[in-house]
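Results of the structural survey
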Amino acid sequence: QVQLVESGGGLVQAGGSLRLSCAASGSILRINTMGWYRQRPGKQRELVAATTSGGATNYADSVKGRFTISRDNAKNTVCLQMNILKPEDTAVYYCNADLLSSTTLYSMAYWGKGTLVTVSS
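Quick caveat, the model's predicted, so the values are computed rather than measured. (Residues numbered from 1 in each chain as written. Predicted model: local features only at pLDDT ≥ 70, side-chain atom pairs only at ≥ 80, totals over all residues. Heavy atoms only, no water.)

Focus: the environment of Gly65
Looking at the element boundaries, Gly65 is found in the loop between strand 6 (57–59) and strand 7 (67–72). The class of Gly65 is exposed, set by a relative accessible area of 79%. For the pair formed by Gly65 and Asn83, sequence separation is 18 residues and the distance between their alpha carbons is 8.7 Å. (Helix = DSSP H or I, 4+ residues; strand = E, 2+ residues; numbered from the N terminus. Buried < 20%, exposed > 50% of the residue type's maximum accessible area, 1.4 Å probe, protein only.)

Quick notes on the state of the cysteines
One way to say it: the disulfide is the covalent bond shared by the sulfur atoms of two cysteines. In the structure shown here, the tally under the stated rule is one disulfide. Cys79 takes part in no disulfide bond, and the closest cysteine sulfur to it belongs to Cys22, at a distance of 8.7 Å. On the basis of relative accessibility, which here comes to 14%, the residue Cys79 falls in the buried class. (Disulfide = S-S within 2.5 Å.)

Re the side chain of Ser101
Relative to the helices and strands, Ser101 is located in strand 9 (residues 91–101). At 2.9 Å, the side chain of Ser101 and the side chain of Thr103 are in polar contact. Discounting residues that sit within four places of it in the chain, Ser101 has contacts with Val2, Ser27, Ile28, Leu29 and Tyr110. (Polar contact = N/O pair within 3.5 Å; in protein donor to acceptor, adjacent residues only side chain to side chain. Contact = heavy atoms within 4.5 Å.)

Thoughts on the pairing of strand 7
Both strand 7 and strand 8 (residues 77–82) contribute to a ladder of six bridges, which runs antiparallel. Bridge pairing links Ser70 to Cys79 in strand 8. Following strand 7, the chain reverses through four residues before pairing antiparallel with strand 8; Asn76 in that reversal takes a positive phi of roughly 55°. (Pairing = 2+ DSSP bridges.)

Quick notes on the packing of aromatic side chains
Scanning the entire structure with this criterion turns up one aromatic pair. Between Tyr37 and Trp111 the ring centres are 5.0 Å apart and the planes differ by 65°, which places this aromatic pair in the edge-to-face class. With Tyr37 in strand 4 (residues 28–39) and Trp111 in strand 10 (residues 108–111), the pair connects residues that are 74 residues apart, well separated along the chain. Residue Trp111 is classed as partly exposed on the basis of its relative accessible area, which comes to 37%. Between the NZ or CZ atom of Arg45 and the centre of the ring of Tyr94, over which it lies, the distance is 3.7 Å. Directly above the ring of Trp111 sits Arg45, whose terminal nitrogen or CZ lies 4.7 Å from the centroid. (Phe/Tyr/Trp six-rings, centres within 6.5 Å; stacked < 30°, edge-to-face > 60°. Lys NZ or Arg CZ within 6 Å of the ring centre and 35° of its normal.)

Here it is, written out as structure tokens:
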């Protein structure tokens with residue numbers, strides 16, 4: 001089985017910073033893309049940032065210049081440094097990994113349970 005476990009959410013004032021971490025564990029053969037999504041109240045889940053195993057990154061326009069995604073391939077971890085947080089960043093943040101495990105014959109997406117980030121004004 002594969003598990004993604006997030007940590008680092010919480011309450012912060014606008015303008016502050018938080019760092020989210022996610023660790024993937026289990027019968028993992030290869031991780032392709034790792035990233036973070038968020039679901040704001042009343043909204044659909046959306047991509048925040050993602051990174052490939054080769055280090056390419058992709059960010060939502062709304063977080064460019066404020067958030068930074070980083071990854072440690074050896075440890076199967078991905079982090080999201082969030083700076084200059086705004087109230088509209090309030091959401092449940094989900095870790096996502098597209099990976100191949102030893103129990104399947106194909107890569108598929110796995111999700112963490114989510115961590116709540118609340119930004120007060």
